[in-house]
Amino acid sequence: MKYPIMIRVKQKQIAQLVSLGKRLDGRGLNDYRGIQLEVGVVGRAEGSARVRLGKTEVLVGTKIELGEPFPDVPNQGVLTVNAELVPLASPTFEPGPPREDAIELARVVDRGVRESKAIALEELCVEPGKKVFIVFVDVYVLNHDGNLIDASALAALAALLNTKMFNYEVKEGKIEVKPGYKPLSVKNYPIAVTFAQIDDKLVVDPWLEEEQVMDARITITTDKDGKICALQKGGYGYFTTQQVLEAAKIAKEKAEELRKLVVKG
Amino acid sequence: MKYPIMIRVKQKQIAQLVSLGKRLDGRGLNDYRGIQLEVGVVGRAEGSARVRLGKTEVLVGTKIELGEPFPDVPNQGVLTVNAELVPLASPTFEPGPPREDAIELARVVDRGVRESKAIALEELCVEPGKKVFIVFVDVYVLNHDGNLIDASALAALAALLNTKMFNYEVKEGKIEVKPGYKPLSVKNYPIAVTFAQIDDKLVVDPWLEEEQVMDARITITTDKDGKICALQKGGYGYFTTQQVLEAAKIAKEKAEELRKLVVKG
Amino acid sequence: MKYPIMIRVKQKQIAQLVSLGKRLDGRGLNDYRGIQLEVGVVGRAEGSARVRLGKTEVLVGTKIELGEPFPDVPNQGVLTVNAELVPLASPTFEPGPPREDAIELARVVDRGVRESKAIALEELCVEPGKKVFIVFVDVYVLNHDGNLIDASALAALAALLNTKMFNYEVKEGKIEVKPGYKPLSVKNYPIAVTFAQIDDKLVVDPWLEEEQVMDARITITTDKDGKICALQKGGYGYFTTQQVLEAAKIAKEKAEELRKLVVKG
Amino acid sequence: MAQKKPEKLIDEKDVRLDGRGLKELRPMKIEVGVLGNADGSAYIEQGKNKILAAVYGPKEAHPKHLAIPDRALLRCRYHMAPFSVEERKSPAPSRREVELSKVIREALEPAVFVEYYPRTSIDTFVEVLQADGGTRCAAITVASLALADAGIPMRGLVAACAAGKVEGRLVLDLDDIEDKEGEADLPLAWMSHSNAITLLQMDGSLTLDEFGQAVNMAVEGCKQIHGLQKETLKAKYVAVKEEVEE
Amino acid sequence: MAQKKPEKLIDEKDVRLDGRGLKELRPMKIEVGVLGNADGSAYIEQGKNKILAAVYGPKEAHPKHLAIPDRALLRCRYHMAPFSVEERKSPAPSRREVELSKVIREALEPAVFVEYYPRTSIDTFVEVLQADGGTRCAAITVASLALADAGIPMRGLVAACAAGKVEGRLVLDLDDIEDKEGEADLPLAWMSHSNAITLLQMDGSLTLDEFGQAVNMAVEGCKQIHGLQKETLKAKYVAVKEEVEE
Amino acid sequence: MAQKKPEKLIDEKDVRLDGRGLKELRPMKIEVGVLGNADGSAYIEQGKNKILAAVYGPKEAHPKHLAIPDRALLRCRYHMAPFSVEERKSPAPSRREVELSKVIREALEPAVFVEYYPRTSIDTFVEVLQADGGTRCAAITVASLALADAGIPMRGLVAACAAGKVEGRLVLDLDDIEDKEGEADLPLAWMSHSNAITLLQMDGSLTLDEFGQAVNMAVEGCKQIHGLQKETLKAKYVAVKEEVEE
């Protein structure tokens, strides 16, 4: 919210470049930074994935535990997404309960997974109204260099695809663990694509310096069929209808590229 | 607790008037401000009432839910009164967990209802020790112009009288909802009457300017039979025995007037 | 952690004395202050003890309640140690949730009791996986004049030895209370002995002025057989191996003396 | 306690459960200047939604380290009364309320000349007294009026309204059951200045085509609401003027 | 674990369960200067109540924005030890403790010359080690002594005591079971200066007549307690004096 | 979900479950400078432990009242990721994490020249991504490297390692199951400067003799780890140097 002089100078410089279709780090307006994806990095977790998006680094781990369903959907498992902006990731993150930014991040990731019906929650019911599986998706930001949403959503999807559950049988209301594991059933592949608006232009995958000077941000999540399943505008600026529709089109294309990194074959 | 100069000037002016039996807003010492009462204003609530006491405005909503009884009274329902001094009501209210004032307000309203046995908690037991109804009374202060206690207690009583529960039957430990509603059984009508002490005189229903300069406050709650069921002294001053007894007498009279606004017939 | 000038002067004075084998209050380096022990001081508690160690004063009360076991040890009771540095004990204690110091204090006391297996937790199981006894040990510091750990550990042991439980029988999964009480079964007698390091010397039972100038602190808890069952280094300094081994030997001796105060016969 | 789900939300004649057409807003009632203490306030009913907004400020920012040297700090709290929903809601702010407070603030800020009041704060409080779907949009509509009522200089009023998809059809201004049972919900805030979309979210599933239609439908809804906002303000000023001139 | 309720709390000869007459106080023991670090402290046993009070101050108010330009800030915390009651109490302050902290502070403040120490704070901490009914009154009695022990100038000591109604009869100084099973409980604090009632609360059901009698009975109880307070202080000063003169 | 406890943790040939000898450390991997934003950072794998450390500072202490006139304020937060352990851990700091943050800080401070940076703070953050016994020791080892990587002047690196007793035998560097099923665990931190033990804790049961042996065994383990720490730093500086000279 505060624009010290340094930022204003940078803002001018970045905006001038963008108006020429260029960016400080040499990318084109619709280019992502380099992406590195690694899965299964935390053996204690049921599933895990680390995404490096340029210098942004996010680790997602999943845990599956037994618990109670929500009363209004007694025969569905529970999906819980939490995000921690741990203080080692940025000088601006502080220890303490999640702030607004962390909550928004978790909720945007959550909506992508939930609305695309990526997890078949009905299959996670053990005993209707009493016992269901809870899928915890914990987003852990390790280094913040901008566009946490896309990196987190990508890592979350990869971690879910990497998640295995033990086999079990229900006998007389009790769960009996059986040998072996089976993968968590993932039915859809939502991909979030975020744009920053800088001087009335849209740029894909903003890094930290761009985020510091952008007017507004828009994240569009599309599913495997190219349908939009979640969307979030952020920041203190605004978009025109034209920009929103343009962003949606590009988001669909970029998502297809990104999806190939996570979903093989 | 801070008395800036403005307040001291006002204090002198208000005190002089009171010593002449007069008040800044033209009322007599034992007069209430105009009262407006509206019930059923929030359809989602099981019962609701809005009270306007001069410019003070309080909304009370009730909710009834199933829950567990307290272990020491296994066959009684639960009454829970909560008060929120939401920040739109006053520049001095801040977001956050209830402070001292909100807690005292809730507890004084609670004691009036509880001690007068207005709600027959035994009738709210479904399965002793396991399942009872919880009556939530949420006091929501919308505009603070003094005497929140009387306005809140009045709105709480009106909301309880406005409360309806669905019909149900208990079959094999399970609750079966049946068509229709029945009113919550309210057995008594406690009314709180608050006095401010200003320059050794008592005035009824203090408004904000009077509260800012008063020495102390006393609230006396009487029930439908004119018995005192709850009492609370507040503020940094004191009362003499004489004043307390005088206040009790007036409280009983004023309560009878106010009760007619809520309890028809 | 702040060393104002006053403290530095005192530090020099205390260190000089210690280098001569003396202490400000006249004690030898390995002497405890006078200890007063009183048990059964709080009748509402299942057990209680007050320890005065010089001017340090600690009250410990125990409560025993039914609750659920931890899932990983379904047939064991639960031991819970909590410490409150209540603000009447010191100008540096403030109201609010336990800070680091209180948490460390509680955990060091807890480890002594737990690791020496002083409480036979298996005997506190009522219904495996469902119902066990929880032993609450609440450490209440009433006056802080240094060495809270030893005083608290001593009071905790004395309070446990003073603890009585009602007699009961389990009939068809329900607990039936029977007349009379029986003592809580205490199998071991852990005693904590704390040293301060001042100018490379160790002194036993540091009082407040010594704690303010010490470099580091070490607490060694030994059990009735002279075995070490818990140990905690604290403070911003360090110890040599030599010092640690020397401290352990002294701790064992001093613990035997202290144990006699609590365990009669 | 719980609502029963009806078999159909829209009949074969494109009439919705509450009798509305597909592109029809719910009945609305707006008032401004409804609270005694706030610098500005407004109240809205939109369907069964009942929402109050109050503005305090511009005033010295507190705590001071939050003050911004060259602009006002705009703050916003969206909060639901415990009795505003089917199951009693704890008064402690939920994660949902924290997120909505953020997006509502970001929907309002483009309209406010925050640069006129450096080092101050402008606090906007929204209380949902009864909720019936679309509360974040109604909150923006009413908060925008409360800001205007407080005399805060603005580029224009912000109006907000959702479009969505229910039983295969695109509809305007979803109520609670349409939101819960429908296929998509797209809340949007708009101001006429720059034709700006200041809030945009979406849940559900829409093709690109449907998305474009929904955005346009929501903008149209906002324009209607904007008209109503202007009328309400005008009526108030006329009333004030008449009062003054009497 | 739980107490069993006896059949009768008062017998036909007006003798209460613990052997007291209707207007008789429970046995009391008071000490002052019991804690090493506090500026003032006191301890009370009243029946089975065991309560400690400590005072720190006057000292610079912290945080500073709480300081009052023309008087001391009097603060009070009433807190119960987890083992002080039948069921273990969580050490986090309950709503009851928050309310009692407030009314106890307001019962003490009329007695304190707060205007002597502007911009400072005087912090009073009350710890209930064992509770047996009437803790708020005993807390006021003992906190008042701790303030005196800290050398805070006061208009007088504040004594406190409840009256109430049990099995149809008015009684003084209710213990736990009388409080729980009785028909009314009326805690009251009093100071001889101005004959002032500085705390007054009531729970239960009393006619106006009964109420008047109960107030007077409680005031009489306070007067007895006040006598005991004065003796205790006097005894301490004599002891100190003797010590000094030795 | 839960591990099954094997019958024996150490076989008759003194070989441990994972194939190690009694005095053998688990395989270790250390990296420094792994995070982009931190002033210093390091990563360690020790057995299945995976731990990151980051250092920010020296920087102006905030809030200001925490600043110390003649030295830096060293702060430390030890925190476990929710997915780092068998049962998901709530991200809110547990009492265990609060205690470990304290003892880790106190293990590091003797090595840091805090007096060089008065009025500043040096913040050390440790995140356990996967836990397998001995996390506090690995946390100290890696945090010490992160401090060095941040260019904080130090008396030396702090290395940490536990010794303990398992099935009657003294062993070095216990893993999770040895810690849980063993008879004693003794974590220790050491720096070569002054041959100083900067962290020492113990859980379990050891005779004085065993204790002495365990302390010495842990110190020997620390010396090995210290060697590895030095190599890692050296390798990094060589790499940097080469990069600069290219």
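Values in this document were obtained by computation on a predicted structure and should not be read as measured data.

Asker: How do you make sense of the overall build of chain A when you look at a structure like this?
Answerer: Counting its secondary structure elements, chain A contains five helices and 12 strands. Taken over the C-alpha trace, chain A has a radius of gyration of 20 Å; the compact-globule value for 265 residues is 18 Å, and the two agree within 12%. Taken over the C-alpha atoms alone, chain A extends approximately 70 × 40 × 35 Å along its principal axes. Across the 265 residues in chain A, those meeting the buried criterion constitute 57%. Sequence-distant contacts, at least 24 apart, represent 66% of the contacts inside chain A between residues at least 6 apart. When the accessible surface of chain A is summed, it comes to about 11,000 Å², and 51% of that surface belongs to carbon and sulfur atoms. If the 37 positive side-chain charges of chain A are averaged to one point and the 37 negative ones to another, these points end up 2 Å apart.

Asker: Before we go on, may I ask you to explain the overall build of chain D in this structure?
Answerer: When helices and strands are counted, chain D shows four helices and nine strands. In chain D, the succession of α and β elements from N to C terminus is β-β-β-β-α-β-α-β-β-α-β-β-α. Over its C-alpha trace chain D gives a radius of gyration of 18 Å, about what one expects of a compact globule, namely 18 Å for 246 residues. Each of the three principal axes of chain D carries a C-alpha extent, and together these read 55 × 45 × 40 Å.

Asker: So what exactly am I meant to see when it comes to the sheet that holds strand β9 (residues 196-206) of chain F here?
Answerer: Working definition: the strands of a sheet are paired by backbone hydrogen bonds and lie parallel or antiparallel to each other. With respect to topology, eight strands assemble into an open sheet ordered β10(C)-β9(C)-β11(C)-β12(C)-β9(F)-β8(F)-β6(F)-β7(F), the strand pairing being antiparallel. Every other strand in the sheet has two partners, leaving β10 (201-204) of chain C together with β7 (169-172) of chain F as the edge strands with one partner each. Averaged over all adjacent pairs, the angle separating strand axes in this sheet is 20°, with direction ignored. When strand β9 (residues 191-198) of chain C meets strand β11 (residues 216-222) of chain C, the two strands line up antiparallel, connected through seven bridges. Looking at the pairing, C:Phe195 lines up with C:Ile218 of β11(C). Against the sheet, helix α3 (residues 148-161) of chain C engages β9 and β11 of chain C, with an angle of about 175° to β9(C). Contacting β9, β10, β11 and β12 (228-234) of chain C together with β9 of chain F, helix α5 (residues 241-262) of chain C runs over the sheet at an angle of about 140° to β9(C).

Asker: What am I meant to see in the packing of helix α5 (residues 241-262) of chain A against helix α4 (residues 208-245) of chain D here?
Answerer: Two quantities define a packed helix pair, namely the angle between the helix axes and the distance between the axes. As a packed pair, α5(A) and α4(D) sit with axes 11 Å apart at the nearest point and diverge in direction by 160°. With respect to α4(D), the axis of α5(A) lies roughly antiparallel. For the pair α5(A) and α4(D), the crossing hand works out as right-handed. For the pair α5(A) and α4(D), contact is made by A:Thr241, A:Val244, A:Leu245, A:Ala248, A:Lys249 and A:Lys252 and by D:Leu208, D:Phe211, D:Gly212, D:Val215, D:Asn216 and D:Val219, respectively. Grouping the constituent residues of the contact of α5(A) with α4(D) by class yields seven nonpolar, three polar and two charged.

Asker: Quick question: what am I supposed to make of the environment of A:Phe136 here?
Answerer: Examined against the element boundaries, A:Phe136 turns out to sit in strand β6 (residues 131-143). Setting aside anything within four residues of it in sequence, one finds A:Phe136 in contact with A:Gly61, A:Thr62, A:Lys63, A:Glu65, A:Thr80 and F:Arg88.

Asker: Would you take a moment to explain the pattern of salt bridges for this structure?
Answerer: Here the idea is simple: oppositely charged side chains can pair when their charged atoms come close. Evaluation of the coordinates by the stated rule reveals 143 salt bridges over all chains. A salt bridge links F:Arg88 to A:Asp138; its shortest N-O distance comes to 2.7 Å. Of the two residues, F:Arg88 is situated in the loop between β4 (73-80) and α1 (95-108) and A:Asp138 in strand β6; the pairing between them involves two chains. Judged on exposure class, the residue F:Arg88 and its partner A:Asp138 are both buried. With its nearest N and O atoms 3.0 Å apart, the salt bridge here joins C:Glu123 to C:Lys187.

Asker: Sorry, what's going on with a nonpolar patch on the surface here?
Answerer: Residue and element names in this part refer to chain A. Side chains of Leu37, Val39 and Leu261 sit close together on the surface and give an oily, nonpolar patch of about 210 Å² of accessible area. Among the secondary structure elements, valine 39 is positioned in strand β1 (residues 35-39). Accessibility expressed as a relative area gives 45% for valine 39, which makes it partly exposed.

Asker: Explain the sheet that holds strand β3 (residues 49-60) of chain D to me, please; I cannot follow it from the model alone.
Answerer: Residue and element names in this part refer to chain D. Judged by pairing direction, the sheet is mixed, and its five strands sit side by side in the order β1-β2-β3-β5-β4 without closing on themselves. If you trace the sheet from one side to the other, it starts and ends with β1 (28-32) and β4 (73-80), each paired once. Averaged over all neighbouring strand pairs, the angle between strand axes comes to 15°, with direction disregarded. For β1 and strand β2 (residues 40-46), the ladder comprises five bridges, and the chain directions are antiparallel.

Asker: I would appreciate a short explanation of the packing of aromatic side chains in the present structure.
Answerer: Applying the stated criterion across every chain yields a total of 18 aromatic pairs over all chains. When the centroid spacing of 6.3 Å and the interplanar angle of 70° are considered together, the rings of C:Phe166 and C:Tyr168 count as edge-to-face. Across the pair, exposure class does not vary: C:Phe166 and C:Tyr168 are buried alike. Each residue in the set A:Phe133, A:Phe166 and A:Tyr168 is aromatic and connected to the rest through ring pairs, giving one cluster. Over the ring of A:Tyr181 we find A:Lys164; its NZ or CZ atom is 5.5 Å from the centre of that ring.

Asker: I tried to follow the interface of chain D and chain A on my own but got confused; where do I start?
Answerer: Many authors give the size of an interface as the accessible area that is lost as the parts come together. The interface of chain D with chain A comprises 36 residues on the first partner and 36 residues on the second. With both chains or domains summed, chain D and chain A bury close to 3,300 Å², and 55% of this area falls on carbon and sulfur atoms. On inspection of chain D and its partner chain A, the count reaches five salt bridges. When the shortest N-O distance is used, the salt bridge between A:Arg111 and D:Glu99 registers 2.8 Å. Broken down by secondary-structure element, the contributors of at least two residues to the side of chain D that touches chain A are α1 (95-108), β9 (196-206) and α4 of chain D. Its residues assigned to classes, the side of chain D that touches chain A shows 16 nonpolar, 10 polar and 10 charged. Sheet topology places strand β12 (residues 228-234) of chain A next to β9(D); four bridges connect them, and they run antiparallel. Note that in β9(D) the partner of A:Gln232 across the bridge is D:Gln201.

Asker: Would you mind going over the confidence of the model for chain D with me for this structure?
Answerer: Any region with low pLDDT has predicted coordinates that should not be read closely. For chain D, the mean per-residue pLDDT works out to 95, and 98% of the residues sit at or above 70. Two numbers describe this predicted complex: its pTM, 0.95, and its ipTM, 0.95.

Asker: Explanation requested: the interface of chain F and chain A in the structure shown.
Answerer: Contact with chain F, which involves 31 residues of that partner, is made by 29 residues of chain A. Together, the buried faces of chain F and chain A total about 2,600 Å²; carbon and sulfur atoms form 58% of this surface. For the interface between chain F and chain A, the tally reads three salt bridges. Notably, a salt bridge pairs F:Asp132 with A:Arg44, separated by 3.3 Å at the nearest N-O pair. Summed over the shared surface of chain F and chain A, the number is 17 residue pairs in polar contact (both at pLDDT 80 or more). Only β3 (49-60), β4 and β5 (120-130) of chain F provide two or more residues apiece to the side of chain F that touches chain A. Looking at the side of chain F that touches chain A, the element that brings in the most residues is β3(F), giving five residues. Partitioning the side of chain F that touches chain A into residue classes produces 17 nonpolar, six polar and eight charged.

The rules behind these values
- Residues numbered from 1 in each chain as written.
- Chains lettered and ligands numbered in written order.
- Predicted model: local features only at pLDDT ≥ 70, side-chain atom pairs only at ≥ 80, totals over all residues.
- Heavy atoms only, no water.
- Helix = DSSP H or I, 4+ residues; strand = E, 2+ residues; numbered from the N terminus.
- Rg over C-alpha atoms; globule rule 2.2 N^0.38 Å.
- Buried < 20%, exposed > 50% of the residue type's maximum accessible area, 1.4 Å probe, protein only.
- Contact = heavy atoms within 4.5 Å.
- Areas by Shrake-Rupley, 256 points an atom, 1.4 Å probe, with all protein chains shown as cover.
- Lys, Arg positive; Asp, Glu negative; His and termini not counted.
- Charge placed at Lys NZ, Arg CZ, Asp CG, Glu CD.
- Pairing = 2+ DSSP bridges.
- Axes fitted to C-alpha atoms, helices over the stretch in contact; angles between N-to-C directions.
- Parallel < 35°, antiparallel > 145°, perpendicular 65-115°, else oblique.
- Left-handed = near helix turned anticlockwise from the far one by under 90°.
- Nonpolar A, V, L, I, M, F, W, Y, C, P; charged D, E, K, R; others polar.
- Salt bridge = Lys/Arg side-chain N within 4 Å of Asp/Glu carboxyl O.
- Patch = residues over 30% accessible without salt bridge, like charges linked within 9 Å, V, L, I, M, F, W, Y side chains within 5 Å.
- Phe/Tyr/Trp six-rings, centres within 6.5 Å; stacked < 30°, edge-to-face > 60°.
- Lys NZ or Arg CZ within 6 Å of the ring centre and 35° of its normal.
- Buried area = accessible area lost by both parts, 1.4 Å probe.
- pLDDT = per-residue confidence, 0-100.
- Polar contact = N/O pair within 3.5 Å; in protein donor to acceptor, adjacent residues only side chain to side chain.

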